[in-house]
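# Coordinate inspection notes
Chain by chain, the residues:
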Amino acid sequence: MKIILASNSPRRRELMAGLGVDFDVKVIPGIEETYPADMPINLIAQHLAMQKFLPYQIGLDDDTVVITADTIVVVDDKVLGKPSDRTEAVEMLRLISGRTHQVITGVCIGRSFIQHAFSVSTDVTFKELTDDEIDYYVDNYKPFDKAGAYGIQEWIGYIGVTGINGSYFNVMGLPVQRIYDELVKLGIV
């Protein structure tokens with residue numbers, strides 16, 4: 001069985017490689033990432049992962065599996081995606097400072113004739129971050145490609161995260177333990 005990870009994320013590639021399974025990376029550019037405004041928050045990441053899978057399904061061989069994923073950060077029932085600029089990144093970090101938020105990653109494991117989707121949620125607690133800490137992180141790490149404007153594996157995670165309930169790897173962007181279990185259940189590995 002051939003496995004394709006459909007992601008540009010170097011973190012997702014690193015995490016997938018840690019499973020010890022052979023896979024290729026293939027990315028179809030320009031896939032729209034939208035969801036209905038009234039969609040329950042707990043379904044958004046899974047919906048986006050399924051939406052990312054659909055362009056791959058056309059012409060897919062029966063012996064090929066595609067894995068897509070999408071991660072969101074949720075605080076006060078507000079979805080934080082990737083910040084568009086420095087100002088938005090600072091705002092997001094101020095919003096999660098001194099609080100607990102949820103990181104939800106949706107995953108779709110699909111073949112030509114079936115899709116299997118799920119999501120994994122992790123609670124992350126940050127200490128109260130100072131403006132200097134936020135500015136330093138945003139200016140030096142430029143977290144514009146990360147949901148919630150942070151990478152837990154970077155400096156801000158080292159100095160800011162005081163608690164985590166759930167999968168650390170999910171917060172990095174790919175719940176690899178659950179993916180491995182699902183691949184085993186589906187008879188893929």
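Residues numbered from 1 in each chain as written. Predicted model: local features only at pLDDT ≥ 70, side-chain atom pairs only at ≥ 80, totals over all residues. Heavy atoms only, no water.

### Section: helix H4 (residues 131–141)
Listed in full, the buried residues belonging to H4 are Glu133, Ile134, Tyr137 and Val138. The buried residues of H4 occupy an angular sector of 120° when the element is viewed end-on, so they sit on one face. Against the buried residues of H4 lie helix H3 (86–96) and helix H5 (155–160). Looking one or two places after H4, you find Lys142, whose phi comes out positive at around 45°. (Buried < 20%, exposed > 50% of the residue type's maximum accessible area, 1.4 Å probe, protein only. Helix = DSSP H or I, 4+ residues; strand = E, 2+ residues; numbered from the N terminus. Arc of directions from axis to C-beta. Contact = heavy atoms within 4.5 Å.)

### Examining the pairing of strand S1 (residues 2–5)
In this structure, S1 lies alongside strand S3 (residues 64–75), joined through four bridges in parallel fashion. Across the sheet, residue Ile3 finds its bridge partner in S3, namely Val65. Bridge analysis of S1 against strand S2 (residues 24–25) gives two bridges, and the strand direction is parallel. Within the sheet, the bridge partner assigned to Ile4 lies in S2 and is Asp24. Handedness of the S1-helix H1 (residues 10–17)-S2 crossover: right-handed. (Pairing = 2+ DSSP bridges. Right-handed = clockwise from strand over helix to strand, strands pointing away.)

### Considering the nonpolar core
Ranked by internal contacts, the top residues of the largest apolar core, which has 40 residues, are Ile3, Met16, Ile67, Leu93, Ile109, Tyr150 and Leu183. Excluding residues that lie within four positions of it along the chain, Ile67 makes contacts with Ile3, Ile4, Leu5, Ala6, Met16, Val107, Cys108, Ile109, Ile179 and Leu183. In terms of nonpolar packing, the next biggest core, distinct from the first, is built from nine residues, Ile4, Phe53, Tyr56 and Val66 among them. (Core = buried A, V, L, I, M, F, W, Y, C linked by side-chain atoms within 4.5 Å.)

### Topic: a nonpolar patch on the surface
Judged by side-chain polarity, Ile164, Tyr168 and Phe169 come together as a nonpolar surface patch covering roughly 260 Å² of accessible area. As for its placement among the helices and strands, Phe169 is situated in helix H6 (residues 168–172). Looking at Phe169, the relative accessible area reads 39%, which means it is partly exposed. (Patch = residues over 30% accessible without salt bridge, like charges linked within 9 Å, V, L, I, M, F, W, Y side chains within 5 Å. Areas by Shrake-Rupley, 256 points an atom, 1.4 Å probe, with all protein chains shown as cover. Salt bridge = Lys/Arg side-chain N within 4 Å of Asp/Glu carboxyl O.)

### Describing the pairing of strand S5 (residues 100–110)
Burial runs high along S5: nine of the eleven residues are buried. With nine bridges connecting them, S3 and S5 associate as antiparallel partners. Residue Val66 lies in a different strand from S5, and its bridge partner there is Gly110. One ladder, built from eleven bridges, connects S5 with strand S6 (residues 115–126); its direction is antiparallel. Within S6, the position partnered with Ile104 by the bridge is Ser121. Connecting S5 to the antiparallel partner S6 that follows it, the hairpin turn spans four residues.

### Remarks on H1
By the burial criterion, the buried members of H1 are Arg11, Arg12, Leu15 and Met16. Down the axis of H1, the sector holding all buried residues measures 130°, keeping them to one side. Close packing links the buried residues of H1 with S1, helix H2 (41–57), S3, H6 and helix H7 (176–185). Two to three positions downstream of the cap, the backbone nitrogen of Arg11 sits 3.2 Å from a side-chain oxygen, assigning the N-cap of H1 to Ser9. (Polar contact = N/O pair within 3.5 Å; in protein donor to acceptor, adjacent residues only side chain to side chain.)

### Quick look at the layout of surface pockets
Over the atoms rolls a probe the size of a water molecule, and in doing so it shows where empty space is left. In this structure, the largest pocket spans a volume of roughly 710 Å³. Arg12, Glu33, Lys52, Asp70 and Lys82 are, among the 37 residues lining the largest pocket, the residues nearest its centre. Of all the elements in the fold, those that place two or more residues in the lining of the largest pocket are H1, H2, S3 and H6. With six residues, S3 is the largest single contributor of residues to the lining of the largest pocket. When its residues are assigned to classes, the lining of the largest pocket shows 19 nonpolar, ten polar and eight charged. (1 Å grid on protein atoms, 1.4 Å probe; cavity = no way out; pocket = protein on both sides within 12 Å on 5 of 7 lines; lining within 4 Å. Points joined across faces, edges and corners; volume = space filled by probe spheres on them. Nonpolar A, V, L, I, M, F, W, Y, C, P; charged D, E, K, R; others polar.)

### Some thoughts on the environment of Phe53
For Phe53, the position within the fold is in helix H2. Spatially, the C-alpha atoms of Phe53 and Ile31 are 9.3 Å apart, while their sequence positions differ by 22 residues. Discounting residues that sit within four places of it in the chain, Phe53 has contacts with Leu60, Val66, Thr68, Cys108, Gly110, Arg111 and Gln115.

By themselves, these figures tell us nothing about what the structure is for.
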